[in-house]
Amino acid sequence: MFMRIDHIGIACRDLEEKIRLFSETFELTVVAREVNEEQGVKEAMLHIADGEGGGSYIQLLEPLSEDSPVGKFLARRGEGVHHVAFGVRDVTETMAKIGAKGVRLLDERPRHGSMDSRIAFLHPKDVGGMLTELVQAADPDKS
Ligand code: CMX
Ligand code: CO
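Residues numbered from 1 in each chain as written. Chains lettered and ligands numbered in written order. Predicted model: local features only at pLDDT ≥ 70, side-chain atom pairs only at ≥ 80, totals over all residues. Heavy atoms only, no water.

Draft legend 1. Structural detail: a positive patch on the surface. Together, Lys72, Arg76, Arg77 and Lys125 make up a positively charged patch on the protein surface. Note on placement: arginine 76 falls in helix 2 (residues 69-77). On the basis of relative accessibility, which here comes to 77%, the residue arginine 76 falls in the exposed class. (Patch = residues over 30% accessible without salt bridge, like charges linked within 9 Å, V, L, I, M, F, W, Y side chains within 5 Å. Areas by Shrake-Rupley, 256 points an atom, 1.4 Å probe, with all protein chains shown as cover. Salt bridge = Lys/Arg side-chain N within 4 Å of Asp/Glu carboxyl O. Lys, Arg positive; Asp, Glu negative; His and termini not counted. Charge placed at Lys NZ, Arg CZ, Asp CG, Glu CD. Helix = DSSP H or I, 4+ residues; strand = E, 2+ residues; numbered from the N terminus. Buried < 20%, exposed > 50% of the residue type's maximum accessible area, 1.4 Å probe, protein only.)

Okay, structure coming up:
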């Protein structure tokens, strides 16, 4: 079902500061920056490696507002790991398969994610407390 870990999402108060920290400490390169209004975030993707169906990344996330998912998370838990994203070949098909097992889907249909991917989230309470994202890369045949 999952081809690889696509990314780990990290909630940050100051995106630029965390980009410096992660790129210097781990020698990672920023390959994309975006503002995603729908998700309420300003974000950067730092490339780690390429794998089946696409790359793997660290996603740094700064909230656009306090009442966004990442804004609420920061207020409640502080900075740190916010979600884990798995690469899938077909996000719609994977949503249907996982939804059929009784896991709540937070999105009715895939939404726009980083680098033209299609994404959907699963409720953390139904998967052991881990907010889980499914990612279909823009070109899943790239490896
Ligand atoms: N990881 C694990 N648990 C989480 C969580 C997270 N990131 N965010 C919230 N929770 C937990 C809360 O702690 C709470 O648990 P308790 O009831 O035990 O206290 C429970 O989930 C419900 O929390 P809530 O305050 O009622 O719900 P929120 O309004 O904060 O919404 C969630 C939580 C997951 C439904 C919401 O954050 C969401 O829809 N997320 C998906 C979208 C998203 O995160 N977008 C940003 C990233 C974009 C990207 O990756 O591109
Ligand atoms: Co993400």
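Draft legend 2. A look at the site of ligand 1. The local shell around ligand 1 holds 19 residues, among which Gln39, Lys72, Arg76, His82 and Lys125 are the closest. Within the side chain of glutamine 39, an N or O atom sits 2.8 Å from a nitrogen atom of ligand 1. In the environment of ligand 1, an oxygen atom lies 2.7 Å from a nitrogen or oxygen atom belonging to the side chain of lysine 125. When ligand 1 sits alone it has 980 Å² of accessible area, and the protein chains cover 74% of it. Within the residue set of the shell around ligand 1, elements represented by two or more residues are helix 2, strand 5 (80-87) and strand 7 (118-122). (Near = heavy atom within 4 Å. Polar contact = N/O pair within 3.5 Å; in protein donor to acceptor, adjacent residues only side chain to side chain.)

Draft legend 3. Structural detail: the sheet that holds strand 1 (residues 4-11). Taken in spatial order, the 8 strands line up as 2-3-4-1-5-8-7-6 in an open sheet, and their pairing is mixed. Each end of this open sheet is capped by a strand with a single partner; those strands are strand 2 (29-36) and strand 6 (111-112). The pairing of strand 1 with strand 4 (residues 54-63) spans 5 bridges and is parallel. Of the residues in strand 4, the one forming a bridge with glycine 9 is glutamine 59. Sheet contacts for helix 1 (residues 15-26): strand 1, strand 2, strand 3 (41-51) and strand 4; angle to strand 4, the most-contacted strand, approximately 145°. The sheet contacts of helix 3 (residues 91-99) involve strand 7 and strand 8 (132-136), and relative to strand 7 the element is tilted by about 15°. (Pairing = 2+ DSSP bridges. Contact = heavy atoms within 4.5 Å. Axes fitted to C-alpha atoms, helices over the stretch in contact; angles between N-to-C directions.)

Nothing here speaks to function; it is all geometry.
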